[in-house]
Amino acid sequence: MRFIKISIQLFFIFSYLSSNIVSAKTKVSKLVCEYKINPIGIDIERPRFSWQILSEESNIKQIAYEIRVADSRNNFNNRNNIIWSSGRVISDQSVNIDYQGLLLKSIQRAYWQVRIWDNNHNVTLWSEPAFWETGILDNKLWTASWICMKNEKKTTISQPCKYFRKEFMTSKKVSSARVYVTSLGLYQLFLNGNKIGNDLFTPGWTSYKKRLQYQTYDVSTMLKHKNTISAIVGDGWFLGNISGQGRSYYGDQLALLALLKINYTDGTSESIVTDNNWKVSYGPILESDIYNGEKYDARLEMNGWSANSFDDSKWQNVDILEHTKNILIASQGEPVQIISEIIPKKVITTPKGETVLDMGQNMVGWIRLKIKGEKGDELNIQFAEVLDKDGNFYTDNLRKAKATDIYILKGTEEEIFEPHFTFHGFRYLKIIGLRYKPQIGQVAGMVIHTKMAPTGTFSCSDSLINKLQHNIQWGQKGNFLDVPTDCPQRDERLGWTGDAQVFSMTAAFNFNVAAFYTKWLKDLSADQGSDGKVTNVVPDLSNGEGGATAWADAAIIIPWTLYRTYGDKRILKEQYSSMKAWIEFMNLRAGDDYLWIGDPHFGDWLAFNSNSPDYSGAFTEKDLIANAYNYYSTNLFGKIASIIGQTNDALKYQQIATKIKKAFIAEFTTPNGRLISHTQTAYALALSFGLLPDEMIPKSSKFFADDVNKFKHLTTGFVGTPLLCSSLSSIGRDDLAFMLLTRKEYPSWLYPVTQGATTIWERWDGQKPDRTFQTTDMNSFNHYAYGAIGEWLYSYVAGISIDPENPGYKHILFNPHPGGGLKNAKAEFKSMYGLVKSAWRFNGDNFVYEIEIPSNTTATVTLPQAKSDYQIINLLTLKPEMRKLMEQNTYGIRLKLGSGKYQFSYPAKY
Ligand code: BGC
């Protein structure tokens, strides 16, 4: 018999040999508080601390930590300055540790640092100090008043934006200054002519009648002796067109609320607040609407309006608006900002003779335009996602959204235009009214989205799959604009819960979404009906309409995603009553027989063949989906209850789940394992959610596989697609999953890629092979839902997955699934503990697998196709205590490993 050898090389083999580690080799860094670096203006009473342990050593674990919090950066050694010290806590927890000291007051900064002891009994140095600062915790401190323009009337058309200003003097030397600001509508705030901060679309979109965020900015260095504070306020989500509701869904008066708190070096302080000393005026922004765009007349510009000594004598005095301040909350999410700029790829002349610029990427934001022209020239800048079959500019799929920015020139040298409170989803644009052909250098695409830290990358040897991953990430960028939206271009752009739910795990691989979803979940619960019904869109825009299966389950699944990805237990606690209310709602609808029958749902939305007028994937019965989800969510809720120590609920809901499962089996399956809706979606649901009795699984799996084989393509919609490949993998049919993934013809993930897509399409056949379009009433080219395949790429193809018993990547499961003819695949994920890497490649007959496990985590690694016979040789390079942990399973060899970088190489054939 041929003697085959697996070599396992430890990159840090030397470190294994040395038993004593000097503390300098291990250090604590990347301190975050509530997922943010040095946040200011937060209103969380007990913020949570996380850090990473960087070490050159392998197998590093934290065995104890000590945190200390002081009132100044340089006084950690003075007892009088210490606000809280955790003492030495024996624990391996390094993520999301609660601050347990005295509660901070409003506008108070606290510094913190941490040191740890590792499993080699070394203590690190104290980390560099980090800080957090509270916002306004006591509403009485809001001494500012809501200010607005007098006599504003409710209108059906967009009104000019309001410009507010006030001049003031500082009386002494400033030591620090913060401004706390929000608006009814969207605001941009300026101090002495400069915009404060880079944030856009502030104060963000929340359920405005119940929750309104304010932002906090450090303006200490912006103040002078003589100052002007000013703001522009536009309609935005608050007052502009939204959904099918028209204008003024939340109110019909724009208003501003600002409090500038200045501390002087002599210990005194002063506040400048919005009050009736402010002035207000219209300005050059004549119209501003998220769907329709902005109309800006540069002839009306008021030079110097936001700086000192501007003559505002013709401006009106403001009115004070009576509006509650009890709904004010600190910013919870991350801000929207300009994240990148892209330059157009080419200028096209269409068959209709129009000049169109192609950005080369379906993007979300706007263009910055540099132009010259005559005073009064009117430019219409129009945006489109796609060209039609003849190559002409196509906007029918935007429905009623005009998506047009209008700029009227003032006729000076070079003019530069960027809109303020609107965004467009586009790849192409045309400029009507320009006296000359636009040049590439005149246009820059400003890509905006919520500033989430990128965390994940996936790549492999197939360039089309890499393009798919690119499209998934761009789909996320374009649709993570303060809330998770279905699409960014047509007259919709809403927080559809179903889309958010199915995409959430993929989203959490690509970017850090902890703060983003935490904020949105609070709106989900705020808008939830008293009967527990979760609204279809969050923030709600249809007066409580909701309760749709797989959509409303966002209430359970997204907190679970955050728990899985970040080990965040607090979100489970905070969302607990919202989750429970949704579960109760479903259980009540199901009644005594545990069957939820006959309610309206969206079903397997937009499944293959679900053409107009029924988009709901009619081949999979809605009732089957509803009961599958009722089981899944109820069971998950039982688990969540047990995680957070609600033992009675844990038992109760696990028992209910068992009954739902029994009822499901009786109602929706035959004894032979066939589902009454004989569809891929039905099998994917039943298998992924664990709805089938063990003995039925092989039979149902066969029906499932046969169906995939019969069609040779997917037939699934929003509900089935996200589960399709993972459920095929779970029944040992990676071959079929890869067949679906690598298929290039319609319907498939790669079909749009072959058609030049740069984002994920809403429909499998948004643009058909003959280049004609699907129906105009629902055909977005930037809809992330089908991008949910990303989760399978990361966790199965590349092999990084989460251990549900040890969430947040505390224990990582590495389990790559090579296949589909891929020569290599690689994923990297920046976890809360540090970088997780999984990369495999074929090198001749050898399978080479490299992984990276961050300090203070452990991993179970499956080496696919490796055989236990080889162990004898492997073990020579592994520490003795690891030998016991090796085991063989049908898939390969399983190892348990500590932190470090490892490479494995052994013969394997695929
Ligand atoms: C949205 C979807 C959403 C659906 C509800 C559509 O208009 O674009 O993505 O989930 O309605 O079925």
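Residues numbered from 1 in each chain as written. Predicted model: local features only at pLDDT ≥ 70, side-chain atom pairs only at ≥ 80, totals over all residues. Heavy atoms only, no water.

Colleague: What exactly am I supposed to notice about the overall build of the protein here?
Modeller: Along its length, the protein carries 18 helices and 46 strands. Principal-axis analysis of the C-alpha atoms places the extent of the protein at approximately 95 × 75 × 60 Å. Counting the 910 residues in the protein, one finds 62% classified as buried. The contacts of the protein with a sequence gap of at least 6 include a subset with a gap of at least 24, amounting to 75%. Of the side-chain charges in the protein, 100 are positive and 92 negative, and the distance between the mean point of each set is 5 Å. (Helix = DSSP H or I, 4+ residues; strand = E, 2+ residues; numbered from the N terminus. Buried < 20%, exposed > 50% of the residue type's maximum accessible area, 1.4 Å probe, protein only. Contact = heavy atoms within 4.5 Å. Lys, Arg positive; Asp, Glu negative; His and termini not counted. Charge placed at Lys NZ, Arg CZ, Asp CG, Glu CD.)

Colleague: Would you explain the packing of aromatic side chains in this entry?
Modeller: Within this structure, the stated rule accounts for 69 aromatic pairs. On the basis of an interplanar angle of 45 degrees and a centroid distance of 5.8 Å, the ring pair of Tyr296 and Phe417 is categorised as tilted. With Tyr296 in strand β21 (residues 293-297) and Phe417 in strand β32 (residues 415-417), this residue pair connects regions lying 121 residues apart in the sequence. Ring geometry for Phe608 against Tyr746: centres 5.8 Å apart, planes inclined by 50 degrees, an arrangement best described as tilted. A residue pair is termed long-range when its members are at least 10 positions apart, and Phe608 in the loop between α8 (576-590) and α9 (622-643) and Tyr746 in the loop between α14 (734-742) and α15 (750-754) qualify at 138 residues. On the basis of relative accessibility, which here comes to 15%, the residue Phe608 falls in the buried class. Judged by relative accessible area, which is 26%, Tyr746 ranks as partly exposed. (Phe/Tyr/Trp six-rings, centres within 6.5 Å; stacked < 30°, edge-to-face > 60°.)

Colleague: Where do I start with the pattern of salt bridges in this structure?
Modeller: Oppositely charged side chains can form a pair if their charged atoms are brought close together. Tallying each qualifying case throughout the model produces 41 salt bridges. Two residues, Arg435 and Asp377, come together in a salt bridge whose shortest N-O distance is 2.6 Å. Of this pair, Arg435 sits in the loop between β33 (424-432) and β34 (443-450) while Asp377 is found in the loop between β27 (355-371) and β28 (378-384), placing the two residues 58 residues apart along the sequence. Take Arg435: its relative accessible area is 59%, and that puts it in the exposed class. (Salt bridge = Lys/Arg side-chain N within 4 Å of Asp/Glu carboxyl O.)

Colleague: When you look at the pairing of strand β26 (residues 346-349) in this model, what are you seeing that I'm missing?
Modeller: Regular strands place side chains that alternate from one sheet face to the opposite one. Judged from the four bridges that link them, β26 and β27 form a sheet pairing that is antiparallel. Within β27, the residue paired with Val347 across the bridge is Leu357. Where β26 hands over to β27, the hairpin turn is made up of five residues, of which Gly353 adopts a positive phi near 90 degrees. (Pairing = 2+ DSSP bridges.)

Colleague: So what exactly am I meant to see when it comes to the pairing of strand β18 (residues 269-273) here?
Modeller: Strand direction decides the pairing type here: strand β17 (residues 255-264) and β18, joined by five bridges, are antiparallel. Following the sheet pairing, Lys261 is matched in β18 by Ser271. Adjacent in sequence and paired antiparallel, β17 and β18 are bridged by four residues, among which Gly267 carries a positive phi angle near 90 degrees.

Colleague: What am I meant to see in the side chain of Gln188 here?
Modeller: Among the secondary structure elements, Gln188 is positioned in strand β13 (residues 186-191). Under the relative-accessibility criterion, Gln188 is labelled buried at 10%.

Colleague: Where do I start with the sheet that holds strand β43 (residues 858-864) in this structure?
Modeller: Pairing between the strands of a sheet is mediated by backbone hydrogen bonds and can be parallel or antiparallel. The mixed open sheet is built from five strands, whose spatial order is β38-β39-β43-β45-β44. Each end of this open sheet is capped by a strand with a single partner; those strands are β38 (800-802) and β44 (887-888).

Colleague: Looking at this structure, I do not really get the site of the ligand. What am I missing?
Modeller: Lining the immediate environment of the ligand, one finds Asp486, Arg490, Glu492, Trp496, Asp499, Trp551, Phe602, Trp605, Phe718, Glu762, Met778 and His783. Measuring from an oxygen atom of the ligand, one finds a side-chain N or O atom of Asp486 at 2.7 Å. Take Asp499: an N or O atom from its side chain is 2.4 Å from an oxygen atom of the ligand. Out of a free accessible area of 310 Å², the ligand has 96% covered by protein chains. Here the shell around the ligand is built from residues that sort into six nonpolar, one polar and five charged. (Near = heavy atom within 4 Å. Polar contact = N/O pair within 3.5 Å; in protein donor to acceptor, adjacent residues only side chain to side chain. Areas by Shrake-Rupley, 256 points an atom, 1.4 Å probe, with all protein chains shown as cover. Nonpolar A, V, L, I, M, F, W, Y, C, P; charged D, E, K, R; others polar.)

Colleague: So what exactly am I meant to see when it comes to the state of the cysteines here?
Modeller: Covalently bonding the sulfur atom of one cysteine to the sulfur atom of another cysteine gives a disulfide. Throughout the structure, instances matching the rule amount to zero disulfides. Between Cys460, a free cysteine, and Cys725, which holds the nearest cysteine sulfur, the sulfur-to-sulfur gap is 13 Å. (Disulfide = S-S within 2.5 Å.)

Colleague: Whenever I open this one, the sheet that holds strand β14 (residues 194-195) confuses me. Can you help?
Modeller: The six strands are arranged β14-β13-β16-β11-β19-β22 in an open sheet whose pairing can be described as antiparallel. The open sheet terminates on both sides in strands that have one partner only, identified here as β14 and β22 (316-317). Alignment of strand β11 (residues 162-169) against strand β16 (residues 226-234), held across eight bridges, turns out to be antiparallel. Paired with Phe168 across the bridge in β16 is Asn227.

Colleague: I'm lost on α14 in this one. Help?
Modeller: For the α-helix, the turn length of 3.6 residues means that residues three or four positions removed from each other point alike. Most of α14 sits out of view: seven of its nine residues are buried. Among the residues making up α14, those that are buried are Asp734, Leu736, Ala737, Phe738, Leu740, Leu741 and Thr742.

Colleague: What exactly am I supposed to notice about the packing of helix α11 (residues 680-688) against helix α12 (residues 697-711) here?
Modeller: How two helices pack is summed up by the angle between their axes together with the distance between the axes. The interhelical angle for the contact between α11 and α12, taken along N-to-C directions, is 145 degrees, at an axis separation of 9 Å. The two elements α11 and α12 meet at a crossing, and its hand is left-handed. Facing α11, whose interface residues are Gln680, Tyr683, Ala684 and Leu687, α12 presents Ile697, Ser700, Ser701, Phe703, Phe704, Asp707, Val708 and Phe711. Here the contact of α11 with α12 is composed, by residue class, of eight nonpolar, three polar and one charged. (Axes fitted to C-alpha atoms, helices over the stretch in contact; angles between N-to-C directions. Left-handed = near helix turned anticlockwise from the far one by under 90°.)

Colleague: Looking at this structure, how should I read a negative patch on the surface?
Modeller: Side chains of Asp592, Asp593, Glu621 and Glu667 sit close together on the surface and give a patch of like negative charge. The residue Glu667 is located in helix α10 (residues 647-668) in this model. (Patch = residues over 30% accessible without salt bridge, like charges linked within 9 Å, V, L, I, M, F, W, Y side chains within 5 Å.)

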